[in-house]
Amino acid sequence: MRTLRTPDTLLGLTKNMDRVAIESAKRHLDTLKREVAPATSAAGWAYGGHGPDADMVFVTGVSGTVIDQQGLVERALNPYRVGAREQVDAGPLGGTARCGQGRTEMESYLVVCAWADTQTLGIVAFLSSRPIGDRTAQFLEVREAMTETAG
């Protein structure tokens, strides 16, 4: 059985304790919970953002019973301002994953990746003031750090 958690650090970034950042990370949690009803765990947090030019990573995910992996990944990416969504390696945890690039309302650079497997659904959003390249490796690292397998 897989559950999701928010580790103390991700990609060397510490948890951001700013209320607005945390709320941004948790904004789509209720929507994701409805997609996997009943949700058995939920995780949402922001990391980094310390300093004027600092990158941030937002994570949101739930565990439960996932039926339509492809459809859920597409729906999970819909709220984000990203263009073409490319299939990416889902890594050793399996399932399906897609990533897209875009810009936020504040003109920050954005890469958003979503995954779904039979037990979890999640989103990892990378935010930077500088152009962002491929983040597949970091996405997979974050996904593994968030996932706990019990029994």
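(A) How the structure looks around helix H1 (residues 19-26). Among the residues making up H1, those that are buried are Ala21, Ile22 and Ala25. Viewed end-on, H1 has its buried residues packed into an arc of 95°, placing them on one side of the element. Residues of H1 that are buried sit in contact with strand E4 (41-48) and strand E5 (56-63). For H1, the N-terminal capping position is held by Asp18, with its side-chain oxygen 3.2 Å away from the main-chain nitrogen of Val20.

(B) Inspection of the pairing of E5 at higher detail. Of all 8 residues making up E5, 8 are buried, and the element is well covered by its neighbours. Neither face of E5 is open: one carries Met56, Phe58, Thr60 and Val62, the other Val57, Val59, Gly61 and Ser63, and all of them are buried. Bridging between E4 and E5 involves 8 bridges; their strand directions are antiparallel. Following the sheet pairing, Trp45 is matched in E5 by Val59. Two elements, E5 and strand E9 (residues 120-128), share 8 bridges in a ladder whose sense is antiparallel.

(C) Seen up close, the sheet that holds strand E7 (residues 96-103). Reading across from one edge, E4-E5-E9-E8-E7-E6 is the order of the 6 strands in this open sheet, with antiparallel pairing throughout. The open sheet is flanked by E4 and strand E6 (82-88), the only strands paired with a single partner. Taking each pair of neighbouring strands and ignoring which way they run, the sheet shows an average axis angle of 15°. Pairing analysis gives 8 bridges linking E7 to strand E8 (residues 109-116), with the strands arranged antiparallel. Along E8, the bridge assignment pairs Ala97 with Trp115. Against the sheet, helix H3 (residues 69-77) contacts E6, E7, E8 and E9, and its axis sits at roughly 155° relative to E8.

What counts and what doesn't
- Residues numbered from 1 in each chain as written.
- Predicted model: local features only at pLDDT ≥ 70, side-chain atom pairs only at ≥ 80, totals over all residues.
- Heavy atoms only, no water.
- Buried < 20%, exposed > 50% of the residue type's maximum accessible area, 1.4 Å probe, protein only.
- Helix = DSSP H or I, 4+ residues; strand = E, 2+ residues; numbered from the N terminus.
- Arc of directions from axis to C-beta.
- Contact = heavy atoms within 4.5 Å.
- Polar contact = N/O pair within 3.5 Å; in protein donor to acceptor, adjacent residues only side chain to side chain.
- Pairing = 2+ DSSP bridges.
- Axes fitted to C-alpha atoms, helices over the stretch in contact; angles between N-to-C directions.

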